[in-house]
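Residues per chain, in single letters:
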Amino acid sequence: MTDLQNPAALTPIKVDVWSDIACPWCYIGKRKLEAGIEAFAATPGTPSVEIEYHSFELSPDTPVDFEGDEVEFLANHKGIPAEQARQMLTRVVGIAEDVGLHYDYDALQHANTVKAHELIHYAKAHGLQLEAKERLLKAYFEEGRNVGRIDDLADLAAEIGLDRDDVVRSLESSEYLAAVRADQRQAQEYGIQGVPFFVIDGKYGVSGAQDAATFSEVFGQVAGERTDAPAAR
């Protein structure tokens, strides 16, 4: 039931998400978050949920163009035995399928993601952050597209309606690099060491690709606390 005497009850619930493009669990977590929002919204009178993505680099030392496949990357850069890496990838592909994602590690091009994060900030400034995040994740995990090179990123940006030439200008000048670094500093201040990491309503932290029900429950808790709070007079 809507609390008409307490406008705060219907203020959108903010979800701040720290994630990386080259993070398989971040894409899976995105789908689970979206499912949790959908389940929460099914209850009449609930507030809407707004999402904002923040930059996090899992492997900032990754070259723009890594020569080798994902197994080689995990073995050479993370020290994971090749057979164990293959088993890990098989498992994550199966979990991704469960949420409607079709990872293609044979086609995947491992790349440095800092420019992709800059593009997401550019898209945010132009009202298309959510579209950019989804496009980059799909390009990386399902389509084998390169998300480290400026020209490739500009092509992807144009697909969602951004001005390709201006995107090139922005990325070449590192216009939003400071914004990327600010996100990363905020993550350090929060003590975030792995992603995805979700901060809900500025006070509840959810770590990892949790089930949709977990997100829905937290949203319900936030909404309940607002309803129970005394209305401003």
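Computed from a predicted model, the values in this text were never measured in an experiment. (Residues numbered from 1 in each chain as written. Predicted model: local features only at pLDDT ≥ 70, side-chain atom pairs only at ≥ 80, totals over all residues. Heavy atoms only, no water.)

**Student:** I tried to follow the overall build of the chain on my own but got confused; where do I start?
**Tutor:** Looking only at helices and strands, one finds nine helices and four strands in the chain. When the helices and strands of the chain are placed in sequence order, the string is β-α-β-α-α-α-α-α-α-α-β-β-α. Its C-alpha radius of gyration of 19 Å places the chain within 12% of the 17 Å reference for a compact globule of 233 residues. C-alpha atoms of the chain, sized along the principal axes, occupy 60 × 40 × 30 Å. Split by element, the accessible area of the chain, about 11400 Å² in all, is 50% carbon and sulfur. Averaged over its 21 positive side-chain charges, the chain has a centre that lies 3 Å from the centre of its 40 negative ones. (Helix = DSSP H or I, 4+ residues; strand = E, 2+ residues; numbered from the N terminus. Rg over C-alpha atoms; globule rule 2.2 N^0.38 Å. Areas by Shrake-Rupley, 256 points an atom, 1.4 Å probe, with all protein chains shown as cover. Lys, Arg positive; Asp, Glu negative; His and termini not counted. Charge placed at Lys NZ, Arg CZ, Asp CG, Glu CD.)

**Student:** I'm lost on the pairing of strand E2 (residues 49–55) in this one. Help?
**Tutor:** Side-chain positions along a regular strand alternate between the two faces of the sheet. Across the seven residues that make up E2, a large majority, six, are buried. Pairing of strand E1 (residues 13–19) with E2 involves seven bridges; the strand directions are parallel. Looking at the pairing, Ser-19 lines up with Ser-55 of E2. Following the chain from E1 across helix H1 (residues 24–41) to the adjacent parallel E2, one finds a crossover that is right-handed. (Buried < 20%, exposed > 50% of the residue type's maximum accessible area, 1.4 Å probe, protein only. Pairing = 2+ DSSP bridges. Right-handed = clockwise from strand over helix to strand, strands pointing away.)

**Student:** Help me out: how do you make sense of the packing of H1 against helix H3 (residues 82–98) in this one?
**Tutor:** Angle between the axes and distance between the axes are the two parameters that describe a pair of packed helices. Direction vectors running N to C along H1 and H3 enclose 15°, while the axes themselves pass 10 Å from each other. By the angle between their directions, the pair H1 and H3 is classed as roughly parallel. Here H1 and H3 pass one another in a crossing that is left-handed. Note on element contacts: H3 touches H1 through Arg-91, Val-92, Ile-95 and Ala-96, opposite Pro-24, Trp-25 and Ile-28. (Axes fitted to C-alpha atoms, helices over the stretch in contact; angles between N-to-C directions. Parallel < 35°, antiparallel > 145°, perpendicular 65-115°, else oblique. Left-handed = near helix turned anticlockwise from the far one by under 90°. Contact = heavy atoms within 4.5 Å.)

**Student:** I tried to follow the packing of aromatic side chains on my own but got confused; where do I start?
**Tutor:** Aromatic ring pairs are described here by two measures, namely the spacing of the ring centres and the angle between the planes. A full pass over the atoms with the stated rule returns ten aromatic pairs. Taking the centre distance of 6.4 Å and the plane angle of 35° together, the rings of Tyr-27 and Phe-141 count as tilted. Taken together, the residues Tyr-27 in helix H1 and Phe-141 in helix H5 (residues 129–141) connect sequence positions 114 residues apart. Plain terms: the ring middles of Tyr-105 and Phe-141 are 6.4 Å apart, the flat faces sit at 80° to each other, and that makes the pair edge-to-face. Of this pair, Tyr-105 sits in the loop between H3 and helix H4 (114–125) while Phe-141 sits in helix H5, placing them 36 residues apart in sequence. Judged on exposure class, the residue Tyr-105 and its partner Phe-141 are both buried. Taken together through their ring pairs, the aromatic side chains of Tyr-27, Tyr-103, Tyr-105, Tyr-140 and Phe-141 make up a single cluster. (Phe/Tyr/Trp six-rings, centres within 6.5 Å; stacked < 30°, edge-to-face > 60°.)

**Student:** Whenever I open this one, H1 confuses me. Can you help?
**Tutor:** A turn of α-helix holds 3.6 residues, and therefore any two residues three or four places apart point the same way. Over its 18 residues, H1 extends 26 Å from the first C-alpha to the last, a length consistent with the 26 Å expected when each residue adds 1.5 Å. Pro-24, Cys-26, Tyr-27, Ile-28, Gly-29, Lys-30, Lys-32, Leu-33, Gly-36, Ile-37 and Phe-40 are the residues of H1 that are buried. (Expected span 1.5 Å × (residues − 1).)

**Student:** Help me out: how do you make sense of the environment of Ile-13 in this one?
**Tutor:** Positionally, Ile-13 belongs in strand E1. Put simply, Ile-13 and Thr-46 are 33 residues apart on the chain and 9.7 Å apart in space, counted from C-alpha to C-alpha. Residues contacting Ile-13, with those up to four places away along its chain left out, are Phe-40, Pro-47, Ser-48, Val-49, Glu-50, Ile-200, Asp-201, Phe-219, Val-222 and Arg-226.

**Student:** Quick question: what am I supposed to make of the side chain of Arg-135 here?
**Tutor:** Residue placement: Arg-135 occurs in helix H5. Judged by its relative accessible area of 13%, Arg-135 falls in the buried class. At a separation of 2.9 Å, a polar atom in the side chain of Arg-135 contacts the side chain of Glu-143. Arg-135 has contacts with Glu-143, Arg-145, Leu-156, Glu-159 and Ile-160, leaving out every residue within four places of it along the chain. (Polar contact = N/O pair within 3.5 Å; in protein donor to acceptor, adjacent residues only side chain to side chain.)

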